[in-house]
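# Structure assessment
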Amino acid sequence: MKKLLLLLILFLSINVSAQTIGKTQTEQYKASFETAIDISQFMDYEGKQIPIQILKAGISDEMYEMYPELKEKRVGLGVANISMEYLENLNRFKFTEDKTEIKNRMVKQFQASQAGISENKLDGRGKINLAEYFVTIECYDYSVSEDETINLKDGVKNMMITRLGLQVRFTNAETGVVFGASGLGEAKTTRELTFLSDAAVDEMKFNQSTISIATKKALDIACARILDRMIKKGIFIK
């Protein structure tokens, strides 16, 4: 039925000048704390690094319940991996191990070295880096919206927008003081088709790569805001 309608529109458009005959659009809004500030000013850093420990990065169970498609698309795993690499690329942090199993293995190796039963010697006294900040990165918002415009001359234009909101928190291990910031990242997929295309009647397919793009943009915003505050507090030199 939709295809017949599109063919009728094409027939009528032969003697009609370019005119938009249909448009569906969703309102977009970003709060001031979600908008971007320039992350590039904080890159190429060569100063001291602060030891941190990532306690959580990804999607909470509550978010999975609200948006089951996140679990189906394995978004949580991607957010965790990208977040780790992103923070490392800033060159301002070094990571301490949070897994108890690995910490216990380290202790056993030190004990074996002390007992003289190992060929190589390990002495961890005074060398273990404790985290100065505990880091959590959680998704607080996710949505996919689609806008459509039908024009007699140009055909059908679809735009799918993937939005991912992340909250990043750095908690001081000594004082409990928190540096927190949020960022809302967007990634757009655009499709333009003439009425002659069979695909004009098909639903627009979701592009998985938009999750990665939106995640990086959200981290750009949140981390830039946190670094800006840390520099003002004298924790880092710009």
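Just above sits the structure.
Here is a short report on the structure shown in this document.

Thresholds applied
Residues numbered from 1 in each chain as written. Predicted model: local features only at pLDDT ≥ 70, side-chain atom pairs only at ≥ 80, totals over all residues. Heavy atoms only, no water. Helix = DSSP H or I, 4+ residues; strand = E, 2+ residues; numbered from the N terminus. Expected span 1.5 Å × (residues − 1). Phe/Tyr/Trp six-rings, centres within 6.5 Å; stacked < 30°, edge-to-face > 60°. Buried < 20%, exposed > 50% of the residue type's maximum accessible area, 1.4 Å probe, protein only.

Moving on: helix α6 (residues 209–232). The terminal C-alpha atoms of α6, which comprises 24 residues, lie 35 Å apart, in line with the 34 Å expected from a rise of 1.5 Å per residue. Of the residues flanking the end of α6, it is Gly-234, one or two places downstream, whose phi is positive at about 85 degrees.

A few words on the packing of aromatic side chains. Following the criterion strictly, the structure yields five aromatic pairs and no others. Relative to Phe-170, the ring of Phe-93 has its centre 5.2 Å away and its plane inclined at 40 degrees; by these criteria the two rings are tilted. Taken together, the residues Phe-93 in strand β3 (residues 93–95) and Phe-170 in strand β5 (residues 155–172) connect sequence positions 77 residues apart. Like Phe-93, the residue Phe-170 is buried in the burial classification. Seen from their ring centres, Tyr-133 and Phe-179 are 6.3 Å apart, and the 55 degrees between their planes marks the pair as tilted. Here Tyr-133, found in strand β4 (residues 133–151), pairs with Phe-179, found in strand β6 (residues 178–193); they are 46 residues apart in sequence, far enough to count as distant. The same class applies to Tyr-133 as to Phe-179, namely buried. Grouped by ring-pair contacts, the aromatic residues Tyr-45, Phe-93, Tyr-133, Phe-170, Phe-179 and Phe-236 constitute a single cluster.

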